[in-house]
Amino acid sequence: MRKIPLPPYKEQPVDATVWYERIKQPRMPRGTYAANHHPHEFSGEPPGLVIHPDDAVGMRPHPDTSRLTGCCGISAIVGPNLVCAACGAELAVHQADCHTENQVTLLAEAVILSYAHD
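Residues numbered from 1 in each chain as written. Predicted model: local features only at pLDDT ≥ 70, side-chain atom pairs only at ≥ 80, totals over all residues. Heavy atoms only, no water.

1. Describing the overall build of the chain
On a plain count of helices and strands, the chain comes out with one helix and seven strands. Along the chain, from the amino end to the carboxyl end, the secondary structure elements read β-α-β-β-β-β-β-β. Counting every position in the chain, which comprises 118 residues, the buried fraction comes to 39%. Sequence separation of at least 24 residues holds for 49% of the intrachain contacts in the chain that already meet a minimum separation of 6. Here the chain has roughly 7,200 Å² of accessible surface; of this, 59% comes from carbon and sulfur atoms. (Helix = DSSP H or I, 4+ residues; strand = E, 2+ residues; numbered from the N terminus. Buried < 20%, exposed > 50% of the residue type's maximum accessible area, 1.4 Å probe, protein only. Contact = heavy atoms within 4.5 Å. Areas by Shrake-Rupley, 256 points an atom, 1.4 Å probe, with all protein chains shown as cover.)

2. Here's the deal with the pairing of strand S7 (residues 103-106)
Regular strands place side chains that alternate from one sheet face to the opposite one. Of the two faces of S7, the one lined by Gln103 and Thr105 and the one lined by Val104 and Leu106 are each fully buried. The pairing of strand S3 (residues 48-51) with S7 spans three bridges and is antiparallel. When the bridges of S7 are listed, Ile51 appears paired with Val104. Bridge count between strand S6 (residues 90-95) and S7: four bridges; the pairing is antiparallel. Of the residues in S7, the one forming a bridge with Gln95 is Gln103. (Pairing = 2+ DSSP bridges.)

3. Some words on the sheet that holds strand S5 (residues 82-84)
Taking strand neighbours across the sheet as the criterion, the seven strands line up as S1-S2-S3-S7-S6-S5-S4 in an open arrangement whose pairing is mixed. Bordering the open sheet on either side are strand S1 (2-3) and strand S4 (59-61), each of which pairs with just one other strand. Sheet topology places S1 next to strand S2 (residues 32-36); two bridges connect them, and they run parallel. Each bridged residue has a counterpart across the sheet, and for Arg2 the counterpart in S2 is Thr32.

4. Describing the pattern of salt bridges
Across all of its chains, the model carries four salt bridges by this definition. A salt bridge links Asp55 to Arg30, with the shortest nitrogen-to-oxygen separation between them at 2.8 Å. Of this pair, Asp55 sits in the loop between S3 and S4 while Arg30 sits in the loop between helix H1 (16-19) and S2, and the two are 25 residues apart along the sequence. On the basis of relative accessibility, which here comes to 14%, the residue Asp55 falls in the buried class. Between Arg67 and Glu90 there is a salt bridge, with the nearest N and O atoms lying 2.9 Å from each other. With Arg67 in the loop between S4 and S5 and Glu90 in strand S6, the pair connects residues that are 23 residues apart, well separated along the chain. Taking relative accessible area as the criterion, Arg67 reaches 18% and is therefore assigned buried. In this structure Glu90 comes out as partly exposed when scored by relative accessible area, which is 35%. (Salt bridge = Lys/Arg side-chain N within 4 Å of Asp/Glu carboxyl O.)

5. Some words on the environment of Leu82
The topology assignment puts Leu82 in strand S5. Beyond its immediate sequence surroundings of up to four residues, Leu82 is in contact with Ala56, Met59, Arg60, Pro61, His62, Ala89, Glu90, Leu91, Ala92, His94 and Val104.

In short, shape yes, function no, at least from these values alone.
Below, the structure is given as C-alpha cells:
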C-alpha cells in the first residue's frame, strides 16, 4: 500500500434532505492509506490509518451486532466494528453511513507497518 495525504473531511450540507440520499464514494483510493491522528472535531472518526473499504482483507464484521449500527449504513458511534477473521481481535472501524465518510480506519494499536519484497 502507498501512503498519501488524507483527503479532506467533507462537511455535510446544511440541507438535511441531502444527507440521506446516498452513501459517499470511498474517501481513499484503492491501495492507499493515510494517517488520521487528529480527526476533524465533528466527524465522528476515530484516530488511526484510513484505507479504502475494499482493502480491509482478512477482516469480518464484529460478532456483537450492536457494533454494526447506523442510519443508512454502518457508523463509528459504538467503536470498533471489524475484527480479525482468524482470531477475532478488534482491528478497525468501518464507516459508510449517510452522515459520515466512507472509509475503514485501522486502529493504531492493531497495526504494524512492515515491508515485504515480492
